[in-house]
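# Structure at a glance
One letter stands for each residue in the lines below.
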Amino acid sequence: MLTAWQALPHVAEWWDDEPVFDADDLDDPRLSLNVVSCDGTPFAFQQTYSVKGWEFEHHFGHFPEGARGIDQFIGPTDWLGKGHGSGFIMSSVARMFSDGVPVVATDPHPGNTRAIRAYEKAGFQAHGPVMDTQWGLILPMSVWVAPPRDTKRPPAWGGPVS
C-alpha cells in the first residue's frame, strides 16, 4: 500500500523513490512509523522522529531535549484537499504535547505549498529561511506546546493542549 501511494504523482513529487522505511527502522527507538486511518480506512503515512541522537547534526538538533520531527503524506487522491492532512497532523501534535514533547518540527520543500498550508492550519510557523540540507531544500517549521521563553527560539506555538 505504501509503495503504491509513494508512486502516485502527488507523493512522488516530494518523496524520493526509496522505500519510506526499511526493516531496521521498525526497531529504531528514535522513530515512530504509522499508517493513519479514518473509520478504519487507511489514507496517510506519518513518521515522527527524535531530532537528537543521530550520527550527523540534524537541522533541528538545536531544539530542546524531547523535540520531535514529523514527515507525512496522504496517499489516495480522493483524500486530498479536504482538511484531512491538517486534521491528523493537529491530532498527532496534540498527542505528542500530552506526552511531554516541547516542540514539533517539520521541513517541507519550500515549493510544496499544499503541505505548507496544511502545517500552517495545524499551527506550525516557519522559523527561518529556506535551507539546503542533505535531503534537499527545506522550509523549517515548528509548533511549540507553550510560547518559548527565550528570544533565540522561534515564536511559533500551538497553545496549551486541552
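Residues numbered from 1 in each chain as written. Predicted model: local features only at pLDDT ≥ 70, side-chain atom pairs only at ≥ 80, totals over all residues. Heavy atoms only, no water.

## Things to note about the sheet that holds strand S5 (residues 125-126)
- Taken together, the six strands give an open sheet; going across it, the order is S1-S2-S3-S4-S8-S5, and neighbouring strands pair in mixed fashion. Edge positions in the sheet fall to strand S1 (31-38) and S5, since each of these pairs with one other strand and no more.
- Pairing geometry for S1 and strand S2 (residues 41-50), over eight bridges, is antiparallel. Following the sheet pairing, Leu31 is matched in S2 by Tyr49.
- Here helix H4 (residues 84-98) sits on the sheet and contacts S1, S2, strand S3 (68-74), strand S4 (103-106) and strand S8 (141-144); the angle it forms with S3, its principal contact strand, is near 155 degrees. (Pairing = 2+ DSSP bridges. Helix = DSSP H or I, 4+ residues; strand = E, 2+ residues; numbered from the N terminus. Contact = heavy atoms within 4.5 Å. Axes fitted to C-alpha atoms, helices over the stretch in contact; angles between N-to-C directions.)

## Examining the packing of aromatic side chains
- Applying the stated criterion to the full structure yields nine aromatic pairs.
- Relative to Phe73, the ring of Phe45 has its centre 5.6 Å away and its plane inclined at 35 degrees; by these criteria the two rings are tilted. One end of the pair, Phe45, is in strand S2; the other, Phe73, is in strand S3, with 28 residues separating them in the sequence.
- Residue Phe45 is classed as buried on the basis of its relative accessible area of 1%.
- Look at Phe73 and you get buried, because its relative accessible area is 6%.
- One aromatic cluster is present, built from ring pairs that chain together Trp5, Trp15, Phe45 and Phe73. (Phe/Tyr/Trp six-rings, centres within 6.5 Å; stacked < 30°, edge-to-face > 60°. Buried < 20%, exposed > 50% of the residue type's maximum accessible area, 1.4 Å probe, protein only.)

## Things to note about the environment of Gly81
- For Gly81, the location among the structural elements is in the loop between S3 and H4.
- Residues Gly81 and Arg114, 33 residues apart in the sequence, show an inter-C-alpha distance of 8.4 Å.

## Side note on the confidence of the model for the protein
- Residues at a pLDDT of 70 or more form 89% of the protein, whose mean pLDDT is 85.
- When pLDDT is averaged over each element of the protein, S4 comes out on top at 95 and helix H3 (residues 23-26) at the bottom at 72. (pLDDT = per-residue confidence, 0-100.)

## Topic: the pairing of S4
- The alternating pattern of S4 places Val103 and Ala105 on one face and Val104 and Thr106 on the opposite face, and all of these are buried.
- In this sheet, S4 lies alongside S3 in parallel orientation, the contact comprising two bridges. Paired with Gly69 across the strands is Ala105, a residue of S4.
- In this fold, the crossover linking S3 to S4 by way of H4 has right-handed handedness.
- As paired strands, S4 and S8 are joined by four bridges and run antiparallel to one another. The residue bridging Val103 from the neighbouring strand is Trp144, located in S8. (Right-handed = clockwise from strand over helix to strand, strands pointing away.)

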